[in-house]
Amino acid sequence: MKQTLTDANFPRTADHRVYHLGLRPGEVANRIITVGSPSRANGIATHLDTEPKPFVLTSERGFTTITGRFRGVPVSIVSIGMGFPNMDFFVREVRECISGDMLIIRLGSCGALVDVPVGSVVIPSSSVAISRNYDFDFANPASTAEPPYRISKPAIADAFLHEERRISLTAFTYSFYSSQGRQTSFPDRNTDLIEHLREGNLNVSTLEMETFHLYHLAKCWSGGQPGRAVPAIPLTTGPVRPATSKTPPVGEATLERPLAGKDTVIRAAAVHLVYASRLSQGFITPSEVNALEDWTGLGVLTALANTEIPSDKLHVETGSV
Ligand code: R1P
Ligand code: URA
């Protein structure tokens, strides 16, 4: 940690940067693609307009945000790393940096349980969570009546990526290994897990580690929790740039208004790239990854830019966004 933070409840720096992503209002757009790796983020960013030059910030915790314009529409690409805790940091901290609606598409890799080749693209309309049951005795399974894994009810995607409501279920897991049915040297008691997930009443198509939590938080959002005063944060009306630039410091020209705003929505969807086929045991090659990420990155940018956000639900700052 390099900067002094205040407010133990929702820590921020004096210039309103959130703790883990390092962003402040004006540096992130209402339309966001979230990915797992910086290389995927940088690849997608090659499709952004060159003017104005995109803003780039990598936080000390490894979150990278690239904010620019795609065909004139402000968008951000945020690389968050892996797993639901990072998705949680991302959604909650970005939410506090943006006024109005949020449109989020996760573009992430997955393993497929259905018979599709590696390099296929799946758009999951819903997601279940598979959690390791810590009350199960993995060392002495006979001693517990509990199941080793728990499967939640589904969380549903926003329909904005779906031309029609095809049911495609992804399962989100806490581990790449145990709860995705992989065999390692640990006694994970998961040899029948894949088969169970493929059964008719579940019919899971893909496995990955963030989408359920994104869908879940988006559906929970209700314009700010009733009873919690949304802080009025002074926002710059001038351009927001990295601290090194010569633009006026935050606070020189400010306006006070609540950030999230009432009646705002978070619309979340996901695009899954099949890196691993759990049926054929095939794994995607690096050159296939490059081509697939480029193609789907452009598609996701286009979908985001074409999705309407009402003008009174857009962040109105004239900073990077
Ligand atoms: C595991 O290799 C990682 O890949 C998938 C999983 O969800 C997990 O984060 O997504 P990303 O490619 O977006 O990181
Ligand atoms: N990401 C996952 O979480 N699982 C896979 O099998 C491949 C990518």
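Refer to the structure printed above.
Not measured: the values here are computed from a predicted model. Each chain carries its own residue numbering, running from 1 in the written order of its sequence. Chains carry letters from A onward and ligands carry numbers from 1 onward, assigned in written order. Predicted model: local features are reported for residues with pLDDT of at least 70 only, side-chain atom pairs are reported and counted for 80 or more only, and whole-chain, interface and lining totals are derived from all residues. Hydrogens and water molecules were not included; the side-chain quantities draw on all heavy atoms of the structure.

## Topic: the overall build of the protein chain
On a plain count of helices and strands, the protein chain comes out with five helices and 16 strands. The contacts in the protein chain between residues at least 6 apart in sequence include a share of 76% that link residues at least 24 apart. We get accessible surface area from the Shrake-Rupley algorithm with a probe of 1.4 Å; when it comes to residues, only the shown protein chains can shield them. Carbon together with sulfur atoms contributes 55% to the accessible area of the protein chain, which is approximately 15300 Å² in total. We count a stretch as a helix when DSSP gives it H or I for four or more residues in a row; a strand needs E for two or more, and each element gets its number in order from the N terminus. The contact definition used throughout considers only heavy atoms, calling two residues in contact when any of these lie within 4.5 Å.

## A word on the pattern of salt bridges
Criterion for a salt bridge: a side-chain nitrogen of Lys or Arg within 4 Å of a carboxyl oxygen of Asp or Glu. Enumeration according to the criterion identifies twelve salt bridges in this entry. For the salt bridge of Arg17 with Glu27, the shortest nitrogen-to-oxygen distance reads 2.7 Å. In this pair, Arg17 sits in the loop between strand 2 (12–13) and strand 3 (31–35) while Glu27 sits in the loop between strand 2 and strand 3, placing the two residues ten residues apart along the sequence. For every residue, the accessible area (1.4 Å probe, protein chains only) is compared with the maximum for its type, and the residue is labelled buried under 20%, exposed over 50%, or partly exposed between those bounds. With a relative accessible area of 8%, Arg17 lands in the buried category. In this structure Glu27 comes out as buried when scored by relative accessible area, which is 0%. The shortest N-O distance in the salt bridge between Asp158 and Arg267 comes to 3.1 Å. Of the two residues, Asp158 sits in the loop between strand 11 (155–156) and strand 12 (169–173) while Arg267 sits in strand 16 (residues 266–277), which places them 109 residues apart along the sequence. Accessibility expressed as a relative area gives 15% for Asp158, which makes it buried.

## A short note on the pairing of strand 3
Within a regular strand, side chains alternate between the sheet's two faces. In terms of burial, strand 3 is largely enclosed, as five of its five residues are buried. Burial along strand 3 is two-sided: the residues Arg31, Ile33 and Val35 and Ile32 and Thr34 are all buried. Any two strands are treated as partners once DSSP identifies two or more bridges connecting them. Where strand 3 and strand 7 (residues 102–112) come together, four bridges link them in parallel fashion. Looking at strand 7, one finds that Ile33 is bridged to Ile105. Alignment of strand 3 against strand 6 (residues 73–79), held across four bridges, turns out to be parallel. Residue Ile32 lies in a different strand from strand 6, and its bridge partner there is Ser76.

## Things to note about the site of ligand 2
Here a residue counts as near a molecule or strand whenever at least one of its heavy atoms sits within 4 Å of it. All residues in the neighbourhood of ligand 2 are listed as Ser109, Cys110, Gly111, Phe176, Gln180, Arg182, Leu207, Glu208, Met209 and Ala276. Definition of a polar contact: a pair of N or O atoms within 3.5 Å, with one able to donate and the other able to accept a hydrogen when the atoms are protein atoms, and with sequence-neighbouring residues admitted only if both atoms are side-chain atoms. One nitrogen or oxygen atom from the main chain of Gly111 is found 3.5 Å from an oxygen atom belonging to ligand 2. Arg182 has a polar side-chain atom sitting 2.7 Å from an oxygen atom of ligand 2. Mapped onto the shell around ligand 2, the elements with two or more residues apiece are strand 7 and strand 13 (204–208).

## Focus on helix 4 (residues 211–220)
The element helix 4 is extensively covered by neighbouring structure, given that seven of its ten residues are classed as buried. Considered for burial, the residues of helix 4 that qualify are Thr211, Phe212, His213, Leu214, Tyr215, Leu217 and Ala218.

## Thoughts on the side chain of Arg40
With respect to the element layout, Arg40 can be found in helix 1 (residues 38–45). Those residues in contact with Arg40, other than ones at most four positions away along the chain, are Val35, Leu107, Gly108, Ser109, Tyr275 and Glu293.

## Some remarks on the packing of helix 2 (residues 84–95) against helix 4
Angle between the axes and distance between the axes: these two values describe a pair of packed helices. Each axis is a line fitted through C-alpha atoms, and for a helix only the stretch in contact is used; angles between axes span 0 to 180 degrees, taken between their N-to-C directions. Between helix 2 and helix 4, the least distance of the axes is 9 Å, while the angle of their chain directions is 35 degrees. Relative to helix 4, the crossing made by helix 2 is right-handed. Note on element contacts: helix 4 touches helix 2 through His213, Leu214 and Leu217, opposite Phe84, Met87, Asp88, Val91 and Arg92. Throughout, a crossing is termed right-handed when the near helix is turned clockwise from the far one, and left-handed when it is turned anticlockwise from it by less than a right angle.

## Quick notes on the site of ligand 1
Around ligand 1, the surrounding shell consists of Gly36, Arg40, Met82, Arg106, Gly108, Ser109, Phe176, Glu208, Met209 and Glu210. Surface burial for ligand 1 is 86%, taken as the share of its 340 Å² of free accessible area covered by protein chains. Top contributing element to the shell around ligand 1 by residue count: strand 7, with three residues.

## Quick word on the nonpolar core
In this text, buried Ala, Val, Leu, Ile, Met, Phe, Trp, Tyr and Cys residues form a nonpolar core when linked through side-chain atoms within 4.5 Å. In this structure, Leu21, Leu23, Ile32, Phe90 and Val94 are the most contacted members of the largest nonpolar core, which totals 32 residues. Residue assignment for this core shows that the elements contributing at least two residues are strand 4 (55–58), helix 2, strand 7, helix 4 and strand 16. Looking at which element gives the most residues to this core, the answer is helix 4, with five residues. Each residue touching Leu23, except ones within four places of it in the same chain, is listed here: His16, Arg17, Val18, Val28, Phe55, Leu57, Thr65, Val94 and Cys97. Val75, Leu273, Tyr275 and Leu304 belong to the second largest nonpolar core, which has 28 residues in total.

## Structural notes on the pairing of strand 12
Burial analysis of strand 12 places five of its five residues in the buried class, the great majority of the element. Burial along strand 12 is two-sided: the face carrying Leu169, Ala171 and Thr173 and the face carrying Thr170 and Phe172 are both buried. In this sheet, strand 12 lies alongside strand 9 (residues 126–132) in parallel orientation, the contact comprising five bridges. For Ser126, the partnering residue across the bridge sits in strand 12 and is Leu169.

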